[in-house]
Amino acid sequence: VPNPIITLTTDFGEASHYVAAMKGVILAINPAVRIVDLSHRIPPQDLRHADHFLAGAIPYFPIGAIHVVVVDPGVGTERSLLYVELGGHRLLLPDNGCWTTLAAKVGATPLVRQLSEPRFWRQPVSNTFHGRDILAPTAGHLSLGLDPALLGPTQTAWLKLEQPRPSRGELEITGTVMFIDDFGNLVTNISESMLEAWSDRSLEFRVGDHVASRRVLSYGEAQPGQLVSLIGSSQLLEFAVVNGNAARSLQVTVGTPVKVFAGQDPSKRIS
Amino acid sequence: VPNPIITLTTDFGEASHYVAAMKGVILAINPAVRIVDLSHRIPPQDLRHADHFLAGAIPYFPIGAIHVVVVDPGVGTERSLLYVELGGHRLLLPDNGCWTTLAAKVGATPLVRQLSEPRFWRQPVSNTFHGRDILAPTAGHLSLGLDPALLGPTQTAWLKLEQPRPSRGELEITGTVMFIDDFGNLVTNISESMLEAWSDRSLEFRVGDHVASRRVLSYGEAQPGQLVSLIGSSQLLEFAVVNGNAARSLQVTVGTPVKVFAGQDPSKRIS
Amino acid sequence: VPNPIITLTTDFGEASHYVAAMKGVILAINPAVRIVDLSHRIPPQDLRHADHFLAGAIPYFPIGAIHVVVVDPGVGTERSLLYVELGGHRLLLPDNGCWTTLAAKVGATPLVRQLSEPRFWRQPVSNTFHGRDILAPTAGHLSLGLDPALLGPTQTAWLKLEQPRPSRGELEITGTVMFIDDFGNLVTNISESMLEAWSDRSLEFRVGDHVASRRVLSYGEAQPGQLVSLIGSSQLLEFAVVNGNAARSLQVTVGTPVKVFAGQDPSKRIS
């Protein structure tokens, strides 16, 4: 494998040496690897955030890249560490469900192995940093061409993250804010396709107590400071304050309810 | 092109998947690329910050590197996306003026093309994420050796950012805080060369209501906590609190006025 | 040297162009280098933080990688810049002691040279940014195979950082919080080996006025919100709030005293 790619996604932040230690371990095993940082700013232990992140990032990568994910509230407990092949994408991560939405999006049948072979690990294995001691060295060995079948036995069940699902009434969809990006944009679990049936109706978009003043195609169409709703780059309904931070100015958090109301008659506009 | 370099500068932050998605798109087109992060911490939509950043970073890079810049308040509106060649440096960015100071600093005549060929883009193109859907794939193709002439027609006019200019009186220069770095140092638009005529005079340096207690050559010359003025690494006058954060402790922001007063007589010191 | 590795550790943050400028300078000298970011979030001028960081990161890297460290409160003063070889690890950094713990951990005799040859530097050298003007170009030249003996004369003395040392009484160890990671975990200067003599006794762990409710092997063993003590991944005693941020919720900072009390009789539990 010439110049293999290993990506890193963690909740470690960047002030501490944890990410650096993982990079060192990988490069000591395979000095030819190119390491690509995806993020080290997943909020601590936030599996839902990681789940949304991975679904929005991994599908774009070339087949064969190795993706190491360390958001691991259960480190040191009985949870397994997994090697996952998913439509050609290769993941190394704890068995905590943070790849649930990714799996649904890719749609392929995952091949899952439990990491059980200490000979590919760094010794001694600490109780609190399996990213450095198990996942990073395993990624290094895989990048050298190690047959994944040697990592451990296949596993046929794994944790899935339960995410709140939107519900649809006759003239109303109820959903939730799922993800807040660094701009403060509020990404919901209501997909573009759920709105298609109402394409000829007037719609009202509400997040918490706030009503979007306009539905737009892109942020730049409205005036700075306006709360708008739009379909974002993941084909999900989102709310944004133009040139502002919706999460901060509206005090909205992940979990805030979202409503879409449809006008009864396509020709009438909701007041 | 063996091992080409693509750099990324964005205002995306690192908690969301936007940067990771761009990296994936680039590597899927050209798996041999080395991606170099310049910053993903440009303040949201802050074109002036991006302008100062690029002028302080791009000139140091080797000719031929491809620099992708996504600070794009106008995404989805009629603004163009550009390919710019500037003294051998190659940029892909929105037409919003964020390379104005860089162009002045490099001093070469830019060759500018408007990106107009959807065959080099990711389809479908979203309304809100042209970094992923247009700029990243275009960078990937360029890194494979694509002739830039195929990207689109040359464009002979482009937006320029208006930056406040310092003004000089007989015994006074009036300027502005242009940029605040992560240390809280206050970088102004008054250049070293503007002070040269007064090299034999005593000078007083004022930012907002605060007077620098000393002019120094480097931070370490003064005592911790002192407000000093000095010529920084971009040959611009700056203010700093030694081992402290001037922006925070003095409550100074970008746009705060700056004054330099010259003593009338070189032999006299201003009180 | 094919595809050499240069790592960067700085306190520059990521909003300003300083890191980017260093990357450009390195790549302009050697376009084949792979640059690996270790951290740009060392707290400003915090040498103790850098010292702990480097000790936790550098030992994992392959021999031969070049590590550039810019935490440099004395930039522009008389402090030297050093090239250090330490058990095969190669460092370029200011002479300010930030590699003291690393040297103790590696245990090898360092070979130290003072950077004194301006021909390997960027000209003109600024007074405030030796990372860009001296360390980065020196790293670039070294990565091309430059003989380190040409960088400058050997230096036989260098600054060492004085770190607080834990003290041991008959039934009590007194230490200090040395480092707080991005999770808010409180890492102390009390090592696992100091506790070994008391392996059969009941112990009480105290940080400031707070007593750990349990000693655990890993965070996931206790309930969310509990303050626990454990041996972390650097074999040091640490305190953590499970799924929380101990530093924030307990208002603990670096320097807060830590105590371990041993029960007199192994069979009795301290109340």
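Here is a short report on the structure shown in this document. (Residues numbered from 1 in each chain as written. Chains lettered and ligands numbered in written order. Predicted model: local features only at pLDDT ≥ 70, side-chain atom pairs only at ≥ 80, totals over all residues. Heavy atoms only, no water.)

### Some details on the overall build of chain A
Quick note on the threshold: The numbering of helices and of strands both runs from the N terminus, where a helix is a DSSP run of H or I of at least 4 residues and a strand a run of E of at least 2. Note on exposure labels: buried denotes an accessible area under 20% of the residue type's maximum, exposed denotes more than 50%, and partly exposed covers the range between, all computed with a 1.4 Å probe on protein chains only. Any pair of residues with heavy atoms lying within 4.5 Å of one another is described as a contacting pair. Note on areas: Shrake-Rupley, 1.4 Å probe, and residue coverage restricted to the protein chains presented here.
From N to C terminus, chain A includes six helices and 15 strands. If you line up chain A on its principal axes, its C-alpha atoms span 70 × 40 × 35 Å. Going through the 271 residues of chain A one by one, you find that 59% of them count as buried. Considering only contacts in chain A between residues 6 or more positions apart, those separated by 24 or more positions represent 66%. Carbon and sulfur atoms provide 51% of the accessible area of chain A, an area that totals close to 10500 Å².

### Re helix α2 (residues 47-57) of chain B
For an α-helix, 3.6 residues make a turn, and residues three or four places apart therefore share a direction. Residues and elements named next belong to chain B. Basically, it comes down to this: Think of a polar contact as two N or O atoms within 3.5 Å of one another; within protein, one of them needs to be a possible hydrogen donor and the other a possible acceptor, and neighboring residues in sequence only count if both atoms come from side chains.
Burial analysis of α2 places ten of its eleven residues in the buried class, the great majority of the element. Those residues of α2 lying buried are Leu 47, His 49, Ala 50, Asp 51, His 52, Phe 53, Leu 54, Ala 55, Gly 56 and Ala 57. The opening residue of α2 is Asp 46, an N-cap whose side-chain oxygen sits 3.3 Å from the backbone nitrogen of Arg 48.

### What to know about the interface of chain C and chain B
One widely used convention gives an interface's size as the accessible area the parts lose upon coming together. Test applied: Accessible area, probed at 1.4 Å, shrinks when two parts are joined; the buried area is that loss added up over both. Salt bridges are identified by distance alone: a Lys or Arg side-chain nitrogen within 4 Å of an Asp or Glu carboxyl oxygen.
With 33 residues of chain C in contact, the opposing surface of chain B contributes 33 residues. Approximately 2700 Å² of surface area, both sides summed, lies buried where chain C meets chain B, with 57% of it carried by carbon and sulfur atoms. Among the residues chain C hides against chain B, the three largest losses belong to C:Ala15, C:His17 and C:Thr128. Together they make up 22% of the total. In this structure, the connection of chain C to chain B is made through zero salt bridges.

### Digging into the sheet that holds strand β4 (residues 81-86) of chain C
Residue and element names in this part refer to chain C. Let me state the cut-off plainly: Paired strands, as defined in this entry, are two strands with at least two bridges between them according to DSSP. Axis definition: a line fitted to C-alpha atoms, limited for helices to the stretch in contact. Angles are taken between N-to-C directions and run from 0 to 180 degrees.
Taken in spatial order, the six strands line up as β2-β1-β3-β5-β4-β6 in an open sheet, and their pairing is mixed. Each having just a single partner strand, β2 (34-39) and β6 (111-114) make up the two edges of the open sheet. Adjacent strand axes in the sheet meet at a mean angle of 20°, parallel and antiparallel pairs treated alike. Where β4 meets strand β5 (residues 89-94), six bridges bridge the pair, whose relative direction is antiparallel. Its bridge partner being in β5, Val 84 is matched across the sheet by Leu 91.

### Description of the relation of the copies chain C and chain B
Put simply, the two copies of the chain differ by a rotation about an axis and a shift along that axis. Note the threshold: The copies were overlaid with a least-squares fit restricted to C-alpha atoms from residues scoring a pLDDT of at least 70 in each copy.
Its rotation angle being 120°, the transformation that places chain C on chain B also includes 0.0 Å of axial translation and leaves an RMSD of 0.0 Å. What the rotation and shift describe, once combined, is the action of a three-fold rotation axis. Closest to the rotation axis within chain C is the C-alpha of C:Arg34, separated from it by 4.4 Å. Here only 12% of the contact residues of chain C are again contact residues in chain B; the copies associate through non-equivalent surfaces.

### With respect to the relation of the copies chain B and chain A
Overlaying chain B on chain A yields an RMSD of 0.0 Å, the required transformation being a rotation through 120° with an accompanying axial translation of 0.0 Å. Interface residue correspondence from chain B to chain A reaches only 12%, placing this contact among heterologous pairings that use different surfaces.

### Overview of the layout of surface pockets
Residues and elements named next belong to chain B. What counts is decided by this rule: In this analysis a 1.4 Å probe is tested at points of a 1 Å grid over the protein atoms alone, and where it fits but cannot get out there is a cavity; an open set with protein on both sides within 12 Å along at least five of seven lines is a pocket; lining residues have an atom within 4 Å of a point. Grid points are joined across faces, edges and corners, and a volume is the space filled by probe spheres set on the points. Ten residue types, Ala, Val, Leu, Ile, Met, Phe, Trp, Tyr, Cys and Pro, are classed as nonpolar, four, Asp, Glu, Lys and Arg, as charged, and the remainder, Gly among them, as polar.
Here the largest pocket defines a volume of roughly 840 Å³. Among the elements of the structure, α2, α3 (100-106), β9 (186-191), α5 (192-196) and β13 (227-231) are those that each provide at least two residues to the lining of the largest pocket. Along the lines of polarity and charge, the residues of the lining of the largest pocket split into 15 nonpolar, 14 polar and seven charged.

### What to know about the sheet that holds strand β6 (residues 111-114) of chain A
All names here are of chain A. Read from one edge of the open sheet, six strands run β2-β1-β3-β5-β4-β6, paired in mixed fashion. Either end of the sheet is taken by a strand with one partner, and the two such strands are β2 (34-39) and β6. Strand after strand, the sheet turns through a mean of 20° between neighbouring axes, direction not considered. Here five bridges tie strand β1 (residues 5-10) to β2, and the two strands are oriented parallel to one another. Paired with Leu 8 across the strands is Asp 37, a residue of β2.

### So, the interface of chain B and chain A
In this assembly, 33 residues from chain B lie in contact with 33 residues from chain A. Taken over both partners, the interface formed by chain B and chain A buries close to 2700 Å², and the fraction arising from carbon and sulfur atoms is 57%. It is B:Ala15, B:His17 and B:Thr128 in chain B that bury the most area against chain A; as a group they hold 22% of the surface buried on that side. Run the count over chain B and chain A and you get zero salt bridges. Residue contributions to the side of chain B that touches chain A peak at eight residues, all from helix α1 (residues 18-29) of chain B. Each residue belonging to the side of chain B that touches chain A can be placed in one class, and the counts come to 15 nonpolar, eleven polar and seven charged.

### Quick notes on the pattern of salt bridges
Applying the stated criterion across every chain yields a total of 24 salt bridges over all chains. A salt bridge links B:Arg132 to B:Asp133, with the nearest nitrogen and oxygen atoms 2.7 Å apart. As far as burial versus exposure is concerned, B:Arg132 and B:Asp133 are alike and both buried. For C:Glu117, the salt bridge goes to C:Arg119, with nearest N and O atoms at 3.3 Å.

### Re the pairing of β2(A)
Here is the key point about a regular strand: its side chains alternate between the two faces of the sheet. Note the following rule: For crossovers, right-handed means that the path from the first strand over the helix to the second runs clockwise, given strands pointing away from the viewer.
Here β2(A) lies mainly inside the structure; six of its six residues are buried. Between β1(A) and its parallel partner β2(A), the chain crosses via helix α1 (residues 18-29) of chain A, and the hand of that crossover is right-handed.

### A few points about the side chain of A:Ser126
By the element assignment, A:Ser126 lies in the loop between β6 and α4 (130-143). Residue A:Ser126 is classed as buried on the basis of its relative accessible area of 10%. For A:Ser126, the residues in contact, after removing those within four places along its chain, are A:Arg132, A:Asp133 and C:Ser233.

### Structural notes on the pairing of strand β15 (residues 257-262) of chain C
Residue and element names in this part refer to chain C. What you see with β15 is a clean split: Val 258, Val 260 and Ala 262 sit on the buried side and Pro 257, Lys 259 and Phe 261 on the side with no burial. Relative to β15, strand β10 (residues 203-207) runs antiparallel, the two being bridged by five bridges. The residue bridging Arg 206 from the neighbouring strand is Lys 259, located in β15.

### A look at the packing of aromatic side chains
Residues and elements named next belong to chain A. What counts here: Working definition: rings of Phe, Tyr and Trp (its six-membered ring) pair if their centres are within 6.5 Å, and the pair is stacked with planes under 30 degrees apart, edge-to-face with planes over 60 apart, and tilted otherwise.
Considering all chains together, one arrives at 15 aromatic pairs over all chains under this definition. Their ring planes at 90° and their centres at 5.5 Å tell us that Phe 12 and Phe 129 sit as a pair that is edge-to-face. Separated by 117 residues along the polypeptide, Phe 12 in the loop between β1 and α1 and Phe 129 in the loop between β6 and α4 bring together distant segments of the chain. Overall, the relative accessible area of 6% leaves Phe 12 in the buried class.

### Structural notes on the packing of α1(A) against α4(A)
Residues and elements named next belong to chain A. The following threshold applies: Handedness of a crossing is defined here by the sense of rotation of the near helix relative to the far one, left-handed for an anticlockwise turn of less than a right angle and right-handed for a clockwise turn.
The N-to-C vectors of α1 and α4 enclose an angle of 35°; their axes lie 8 Å apart at closest approach. Of the two possible hands of crossing, α1 and α4 adopt the one that is right-handed. Residue-level contacts link Ala 21, Met 22, Val 25, Ile 26 and Ile 29 of α1 to Gly 131, Arg 132, Ala 136, Pro 137, Gly 140 and His 141 of α4. Looking at the contact of α1 with α4 residue by residue, the class counts come to seven nonpolar, three polar and one charged.

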